[in-house]
Amino acid sequence: MVLPGEQARLYRPRPELLPAAHVPSLPHYQRLYQRSVEEPHEFWGDIAKEFYWKRQHTGPFLKYNFDVTKGKIFIEWMKGATTNICYNLLDRNVNEKKLGDKVAFYWEGNEPGDSTKITYRELLHKVCQFANVLRSQGVKKGDRVSIYLPMILELVVAMLACARIGALHSVVFAGFSADSLCERILDCGCSLLITADAFYRGDKLVNLKQIADEAIRKCIDKGSSLKKCIVVKHLGREEIAVDGTCSKSPPLKRLCQEVQEKKTESSQRLHPKAPWNPAMDTWWHELMCGASTECEPEWCDAEDELFILYTSGSTGKPKGVLHTVGGYMIFAATSFKYVFDYQPEDVYWCTADIGWITGHSYLTYGPLANGATSVLFEGVPTYPDVGRMWSIIDKYKVTKFYTAPTAIRLLMKYGEEPVKKHSRKSLKVLGTVGEPINPEAWLWYYRVVGEERCPIVDTFWQTETGGHMLTPLPAATPMKPGSATFPFFGVVPAILSESGEELEGEAEGYLVFKQPWPGIMRTLYGKHQQFETVYFQKFPGYYVTGDGCRRDKDGYYWITGRIDDMLNVSVREKIGPIATPDYIQYAPSLPKTRSGKITRRILRKIAKNDQDLGDISTLADPGIITHLFNSRCDTKQ
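K.L.:
Could you give me a rundown of the pattern of salt bridges, with the residues and numbers involved?
P.N.:
Tallied over the full model, the rule gives 28 salt bridges. Ionic pairing is found between Glu108 and Arg388, a salt bridge with its closest N-O pair at 3.0 Å. One end of the pair, Glu108, is in strand S4 (residues 103-108); the other, Arg388, is in helix H12 (residues 388-396), with 280 residues separating them in the sequence. Salt-bridge contacts for Lys209 lead to Asp213; the nearest nitrogen and oxygen are separated by 2.6 Å. Of this pair, Lys209 and Asp213 both sit in helix H7 (residues 208-221), separated by 4 residues, roughly a single helical turn. Residue Asp213 is classed as buried on the basis of its relative accessible area, which comes to 4%. Linked through salt bridges whose partners overlap, the residues forming this network are Arg35, Glu39, Asp46 and Lys49.

K.L.:
How would you sum up the sheet that holds strand S20 (residues 400-403)? Please name residues and give values.
P.N.:
With mixed pairing, the 7 strands of this open sheet are ordered in space as S5-S4-S19-S18-S20-S21-S22. On the outer flanks of this sheet lie strand S5 (115-119) and strand S22 (456-458), each paired with one strand and no other. Mean inter-strand twist for the sheet, computed between neighbouring axes without regard to direction, equals 20 degrees. Relative to strand S19 (residues 373-377), S4 is paired through 4 bridges, and the arrangement is parallel. When the sheet's bridge partners are listed, Phe105 is paired in S19 with Ser374. Along the sheet face, helix H4 (residues 120-136) touches S4 and S5 and points at about 85 degrees away from the line of S5.

K.L.:
Kindly report on unusual backbone geometry, identifying the contributing residues and their values.
P.N.:
The omega torsion of the bond from Tyr383 to Pro384 falls at 0 degrees, within 30 degrees of zero and hence cis. Structurally, the position occupied by Pro384 is in the loop between S19 and H12. A positive phi angle, close to 60 degrees, is found at Arg424, a residue other than glycine. Along the chain, the position of Arg424 falls in the loop between helix H14 (417-420) and strand S21 (429-432). Relative accessible area serves as the criterion here: at 2%, Arg424 is assigned to the buried category.

Rules used in this analysis
- Residues numbered from 1 in each chain as written.
- Predicted model: local features only at pLDDT ≥ 70, side-chain atom pairs only at ≥ 80, totals over all residues.
- Heavy atoms only, no water.
- Salt bridge = Lys/Arg side-chain N within 4 Å of Asp/Glu carboxyl O.
- Helix = DSSP H or I, 4+ residues; strand = E, 2+ residues; numbered from the N terminus.
- Buried < 20%, exposed > 50% of the residue type's maximum accessible area, 1.4 Å probe, protein only.
- Pairing = 2+ DSSP bridges.
- Axes fitted to C-alpha atoms, helices over the stretch in contact; angles between N-to-C directions.
- Contact = heavy atoms within 4.5 Å.

Function cannot be inferred from these measures alone, as they are strictly geometric.
This is the structure:
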């Protein structure tokens, strides 16, 4: 329970407990922020010098148009400069910064005891091998590769291999259905799919190859150009060692009999209706065994496409958000460094799936760009028991921990005892991501998990922004439970009224951003007109987040939710009797995507009592649908 006044109270960092490496005080943050806004070319130009560029930019450092009334919307950072993001993340860390023997990832499997690790040098070798594999399969710069994998090291390898040769990766969350996978493959015209045989998520076996086969059939029926499918043998796997020989991975406690047999026997078991197709399917480990560990990177323009990531979409039609090489690289790296106050001895753990933007920016690209050591976790917070997360923190001595309010609220239900059974003394910074955190959960996280010694960075951002937009900085920013606090470097927020007027001081309205930051999306893949309509048309001259926001008297920002999810509540005399609802149905929750967007197409189906819901694999909690149908108002059709 939050006592009166606690939500508005300032929780001040204790610098004696957290000596910050980068932003030690609020005045320091304010000076850096002011420079980033007033002199973005110089601020980001200095940061860009920390990375390798094959060629420097030839035109303006930044060129853009946010105003649809003045022509096409575009954003260009450092256009003409050439680099390779994989080279900056791996080759430089190994060869120039001498981090080859440093652990890049500790991999923690679904089962306790299933674990391994990979160093920066080993990761570089595997990425080069798989980049050569992709080239041998005909993948070239500009091609799109769909990745449908669980949280295993091959997922990171596949992403970076695509980036190394200039191909775009499109990662699809491994919990999505065949229809969702098919839709994304078709939308971006993927020529190759990477998947796995199967994986466990808690007690649940997910036969991924079977789902992928179904998606492939649907794609081919619709005229897809998909030609190849590479399959990771994850259950009962053979792993390729750095020297090219084959060695067994740590034994899994439970093996899926259907997917651990050799290829000729398993093809029928994997999918009786879609047998192993030698013209389409190839095992990952067979391709890797003969691949070279050296691969020359493709040098890409800063504005070349890096990846496509689909937002779930509230209408059921996902949008392919497109990010580019140069700007995304420096923004993901810089925000990771400052927001988590990254220091070389840190062990960092972001619990997000790489199928989401959080896993892209703050589990893959951002940490690796800083030479960080991260934990990559395959399982779920409650398996085999509700102390799993705290156990992992102790096992790897995690110092910076980044998770979702949903997970915090889930673990709160089990009380303090499972948390306090574990030390957690290594923790220095806690973070939240995915949705606004309620004050009760924030205070539990702060008091129980962090023992009132760890600052909380409650971050607001979107798939479209590429990185943090509103966030506290550890040791520098006084915190308020549930507030996203202040803008990150280069981010200029404003709150607009319905008429588009900028509101000053304490205010509530539409959250927009007034100028571009390096990590902003460049377009929706193949749908630039929709990009302009969704994000720039309502308020010309601004990027429109679609979120409501309140700014308090201290200048702190509070996200109030999606604008189109809100209703005006008043008496019928003010709004008018025509707007009076016919029926009101009370519900404990609504069908939302994992990014917190309400799926209105499903609400329309429930209103009509139409049980034909289509694909619901993108929902965070599909179980709420049954409740909504059961408690539906008895209306006449």
